[in-house]
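Listed below, chain by chain, are the residues.
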Amino acid sequence: MATRVRERELKKGSAELLILSLVEARQRHGYEIGKLIESRSDGTLRFSAAALYPLLYRLEKRGWLEGRWIERAGQRRRRYYRLTAAGRKMLAEQRSGWRSFVAAINRVAGLETS
Amino acid sequence: MSRWDAEIDRRLAEAGLDPVRQAEISRELAQHLDDRYAELVSSGVADEEAVWRTLDELKESDRMTHELTRVERVPTSSVVAGDTRRQPFLAGVSQDVRYALRSLRASRSFTAVAVLTLALGIGATTAIFSVVDAMLIRPLTYDPDGRLVRVFRTRTERGTSQKGPVAETLDLTPSIATFKEWQVRRDIFDAMAAFKEREVTLLDASPVERVWAMAVTPEFFRLFDTSPTLGRLFDESDTDEPVTVISDGCWQRRFGGDPSIVGRTIRTVDGAKTVVGILPARFPYSSETDFWIPLAPNKTMMTRDGWGGTLYARLSADITLEQAREGMASYRRERRSESMLSVVEGAGVEAVHEWNVKASRQMLFTLLAAVSCILLIACVNVASLLLARGSGRSREVAIRASLGAGRLRLAQQFLTESIVLAMLGGVAGVVLAWWLLNALLPILPVNVPSENPPALDLRVLGFSFLVSCLTGVLFGLLPALRLSRADLVTDTKPSGLSTTYFGWRTGSALVVVEVALALMLMVGAGLMLRSFHRLLSVDSGFQSEHVIVIEVSPVLLDETAATTAGRSRIFYSQIIERIAGLPGVSAVGAIDTLPFWSTSHTSADLETTSTPINVSPRNILPGYFAAMGVPIKLGRDFTQQDREHAPCVAIVNETLVRGAALADPLGRRIRLRTRSTEWCEIVGVVADVRHRSLERQPLAELYVSALQTGEPELVIVARAAQPVAVAALARAQTKGLTEPALVQRIRPFDTFVAASTAQRRRRAALLTILGGLGVLLAAVGIFGLTSYAVARRTREIGVRVALGATPRRVLGVIVGSFAPAIATGVALGLLGAWAATRTIAQFLFGVTPTDPPTLIAAAGLLASVALLATYAPARRALRVDPVVALRAE
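What counts, and at which threshold
- Residues numbered from 1 in each chain as written.
- Chains lettered and ligands numbered in written order.
- Predicted model: local features only at pLDDT ≥ 70, side-chain atom pairs only at ≥ 80, totals over all residues.
- Heavy atoms only, no water.
- Helix = DSSP H or I, 4+ residues; strand = E, 2+ residues; numbered from the N terminus.
- Rg over C-alpha atoms; globule rule 2.2 N^0.38 Å.
- Buried < 20%, exposed > 50% of the residue type's maximum accessible area, 1.4 Å probe, protein only.
- Areas by Shrake-Rupley, 256 points an atom, 1.4 Å probe, with all protein chains shown as cover.
- Lys, Arg positive; Asp, Glu negative; His and termini not counted.
- Charge placed at Lys NZ, Arg CZ, Asp CG, Glu CD.
- Patch = residues over 30% accessible without salt bridge, like charges linked within 9 Å, V, L, I, M, F, W, Y side chains within 5 Å.
- Salt bridge = Lys/Arg side-chain N within 4 Å of Asp/Glu carboxyl O.
- Phe/Tyr/Trp six-rings, centres within 6.5 Å; stacked < 30°, edge-to-face > 60°.
- Lys NZ or Arg CZ within 6 Å of the ring centre and 35° of its normal.
- Disulfide = S-S within 2.5 Å.
- Contact = heavy atoms within 4.5 Å.
- Buried area = accessible area lost by both parts, 1.4 Å probe.
- Polar contact = N/O pair within 3.5 Å; in protein donor to acceptor, adjacent residues only side chain to side chain.
- Nonpolar A, V, L, I, M, F, W, Y, C, P; charged D, E, K, R; others polar.
- Pairing = 2+ DSSP bridges.

In this section: the overall build of chain B. Secondary structure assignment for chain B yields 27 helices and 23 strands. Relative to a compact globule of 889 residues, whose C-alpha radius of gyration would be 29 Å, chain B shows 40 Å and is clearly more extended. Along the longest, intermediate and shortest principal axes, the C-alpha atoms of chain B span 150 × 75 × 55 Å. Taking all 889 residues of chain B together, the buried fraction comes to 51%. A total of about 41500 Å² of accessible surface is found on chain B, and carbon and sulfur atoms cover 58% of it. Each charge sign in chain B was given a centre, from 97 positive and 89 negative side chains, and these centres are 6 Å apart.

If you want it as structure tokens, here you go:
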């Protein structure tokens, strides 16, 4: 039972993990985050605006991300998201959780053939 | 502005976001779509397709709306009450409480009236409950585990009278011999002691003083597990010794707390007594008793039951009251007697706490019921106030409902408001209770124990908190349910035509309840008043006005049995002669026990019959009947010649003559069984006197001459035109007599009469106050309800007046519309009173619980008050200008 709950949480948290990872190094705006997810997964993962923004707002609400309107020279005002201290901690946690989850799936499903 | 704004806003609209936040999200999404569009176009997608694919980004907008609603929920602090969105329960409550406080602060006069009304109800209930708590709930301070019991002899006598078989159960003190037999039942009792109050005359005091002492067996102090502050307590060897133990109060007051008092002697009329010990300050009975002396049983006490003492025992650790009763059942005996069919004797055991309070229990519950009625009336009043105020808030409710507040949410808010109001009322009520308790204590018709006085302790405060909560729910529930049923269409309009609100049905129901409750209170108060009035108009048999009572007795030093009677006789003759000489004194006499003091019974033989009769004997001196105003119906009073060595004479009362069917009483002879075998000739018949109390029928009485019996202690009564003046002079007359005089008190006889009716007067006074309060509250409530209803019908009244209705007719319609409710209330109230007064029947005197004049008067008075309360607001409505009234809605 407990395992199943954790699994569900992990799956749901995968989107959060992706976003948090992408803003780890530097702050990015929403469109950029969406594009990066799509490109880095070779088009396997894609978030529409309708799915992405509520997620961003939720992470912001939880205090893991901080969004700010920034005006850069020659660019329009955009909202940039950066990782907060709490977000950094959460990212580390989610990474390790995800790692063991993936490893478990691999072991069980016999994906570790090599 | 972007080309996507319209699309985005259409999708965001459903999320119900804060407008500022929505604008921000909209801008960010627009930017995203701009970027997407630019990217598509730059990768060579045709414009039309690019737009179409860009909008694809929003295609799961249902989910977006849902997610946004969840994520973007506005923080609770800035939500207005009535917000539909789900919140944590507690946050909702604290928000409701703050909102309630704000809204109550906004309407100060409403809040003041409601809080005051509730404070009256809760305060009265709390005050009475604190008395109930002190008397019934709290254990005795000296018996925390309830193991202290009273043990007594029960005697059920079955006999026959002219009316058929009779049975009487008496509760007697067992003889000392029986006491000794029971005392050794260590399987049931840890300790058992006998005690009796006695008077002791102190000679060291100046003037000579008489105080109450407690004569106890040595085990008495063991019952309370006490040890002396100084010295020792009694042991078995003290029984016949002249020793005394004194209370801490006595030690401090009389002897200045001097520790060397132990071992010293105190001079009393009965000889010197050595102080052997001092009791601790907290010892029970210390407030009433200064001296404890050993109980030295005389011959009668040794063998006869009913010597007037009391037996207390402490139950063994693992014995329950029930087991103690079973254990004592073996003492049950049945025997035949010459005058009775059978006599069954047994042993009774009851908790001392129960013994102390059982006489008060019914009265306490009656009072609790009365204050509950007041509390209920207060609830109804506040409920109607809330309804009236609530319908003024119908727009607020409707707006909140249209913003999505559910009915439950609105009801919760209203209920919170009621409970907050009740809590405020509760706090004010506790303050009022504290004041009431002090004010009511002197008129409480129960004997409040002095060592355990009522107090607003934690239990009482807990009770009033609970009552406040219940009250809040009680008066808040109806308005909450009623008001939360908002009508969106009519009530959002500036002024909804809303006569449906708080219509006649609710209003009438509240009137019915108020009238019914107030009537029950009034009937109760009326019956008590009637009883008291009846009691005062009873023919007591004497005329108490102008009579003063002089409690004086000779201090017979070096007393010997042979001389006591003679010395006492001379003492009383001297003082009576002196008092008779005072100005305005028309008659002086003396008696051993005044009316209302006590009554003893004994058997007497009449010459004419063989069966003995039961009589109550009294010793008097000549002049007593004249002084007390007791008419002599036949024959004569005693004279100075009816003294020792003269033929024995007696005077009887009319009851005795009737009971013994003495056709020609004068000259018949009667003989008291307790006294000598001497026959006394009946020389007079006097009117009946209610000696026991005004309420109880006179007994058969036999007066004998104290000059013949030599009764050593009497009370002087004098009839004087100006009793107060005589009272002032009387004390001086006690100086320089042959024996030193012990003057206790000199006071008008009316004092005794008042004391004997005090309990009834208190009952009547307290219930009248409560009844009056109830009627007043009910009248205010009905006034408020009618005012409100009339205000709601201003338009209708305007129409009627405009169409030519006469003021009289309009008045009739308004007052008439409440008449059925008032009539129903009166009917229900009478029914309730009929049911409730059965329980107070025991407090009534001379009236039945369904006394028609009382019921009719109470119902009539209440109906008039209620009609008047509807009439006043109705009159006001008539002054309304039809034009204004029609425009009013």
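So that's the structure; there's more coming.
Take a nonpolar patch on the surface next. All names here are of chain B. Side chains of V473, L477 and L481 sit close together on the surface and give an oily, nonpolar patch of about 230 Å² of accessible area. Among the secondary structure elements, L481 is positioned in helix α15 (residues 458-483). The class of L481 is partly exposed, set by a relative accessible area of 45%.

Looking now at the packing of aromatic side chains. Overall, the coordinates contain 28 aromatic pairs over all chains when judged by the stated rule. Relative to B:F224, the ring of B:Y142 has its centre 5.6 Å away and its plane inclined at 75 degrees; by these criteria the two rings are edge-to-face. Taken together, the residues B:Y142 in the loop between α6 (108-137) and β1 (148-161) and B:F224 in the loop between α8 (220-223) and β5 (230-231) connect sequence positions 82 residues apart. Both residues of the pair, B:Y142 and B:F224, belong to the buried class. Directly above the ring of A:Y57 sits B:R21, whose terminal nitrogen or CZ lies 4.5 Å from the centroid. Between the NZ or CZ atom of B:R27 and the centre of the ring of A:W69, over which it lies, the distance is 4.3 Å.

Residue and element names in this part refer to chain B. Using the criterion set out here, one finds one disulfide over all chains in the structure. C648 shares a disulfide with C680; S-S distance 2.0 Å. One quick way to see it: the torsion about the S-S bond of C648 and C680 is about 75 degrees, and its sign makes the bridge right-handed. Of this pair, C648 sits in the loop between β17 (632-635) and β18 (649-653) while C680 sits in strand β20 (residues 680-686); the two residues are 32 residues apart in sequence, bridging distant segments of the chain. Residue class for C648 comes out buried when judged on its relative accessible area of 13%.

Our next topic: the pattern of salt bridges. Residues and elements named next belong to chain B. Throughout the structure, instances matching the rule amount to 53 salt bridges over all chains. Here E24 and R21 are joined by a salt bridge, their closest N and O atoms 2.5 Å apart. Of this pair, E24 and R21 both sit in helix α2 (residues 19-42), separated by three residues, roughly a single helical turn. Residue E24 is classed as partly exposed on the basis of its relative accessible area of 23%. Given the relative accessible area of 16%, R21 is considered buried. For the salt bridge of D133 with R459, the shortest nitrogen-to-oxygen distance reads 2.7 Å. Of the two residues, D133 sits in helix α6 while R459 sits in helix α15, which places them 326 residues apart along the sequence.

This part takes up the interface of chain B and chain A. The interface of chain B with chain A comprises 22 residues on the first partner and 23 residues on the second. Carbon and sulfur atoms make up 46% of the area that chain B and chain A hide from each other, which totals about 2200 Å². For the pair chain B and chain A, the interface holds three salt bridges. The residue A:R78 makes a salt bridge to B:D35 at a minimum N-O spacing of 2.5 Å. For the pair chain B and chain A, the number of links is 12 residue pairs in polar contact (both at pLDDT 80 or more). Broken down by element, the side of chain B that touches chain A gets its largest block of residues, 12 residues, from α2(B). Within the side of chain B that touches chain A, the residues separate by chemical class into six nonpolar, two polar and 14 charged.

Residues and elements named next belong to chain B. Residues of strand β7 (residues 265-268) alternate between two faces, with I266 and T268 buried on one and T265 and R267 left unburied on the opposite face. Looking at chain direction, β7 and strand β8 (residues 271-278) are connected through four bridges and run antiparallel. Pairing of T265 across the sheet is with T274, part of β8. Where β7 folds back on β8, the antiparallel hairpin that results is connected by two residues.

Residues and elements named next belong to chain A. One open sheet holds the three strands; their spatial order is β1-β3-β2, and the pairing between them is antiparallel. Of all the strands in the sheet, the pair left with one neighbour each is β1 (28-29) and β2 (65-71). Where β1 lies against strand β3 (residues 77-83), two bridges are found, and the strand directions are antiparallel. Its bridge partner being in β3, H29 is matched across the sheet by Y80.

Nothing here speaks to function; it is geometry throughout.
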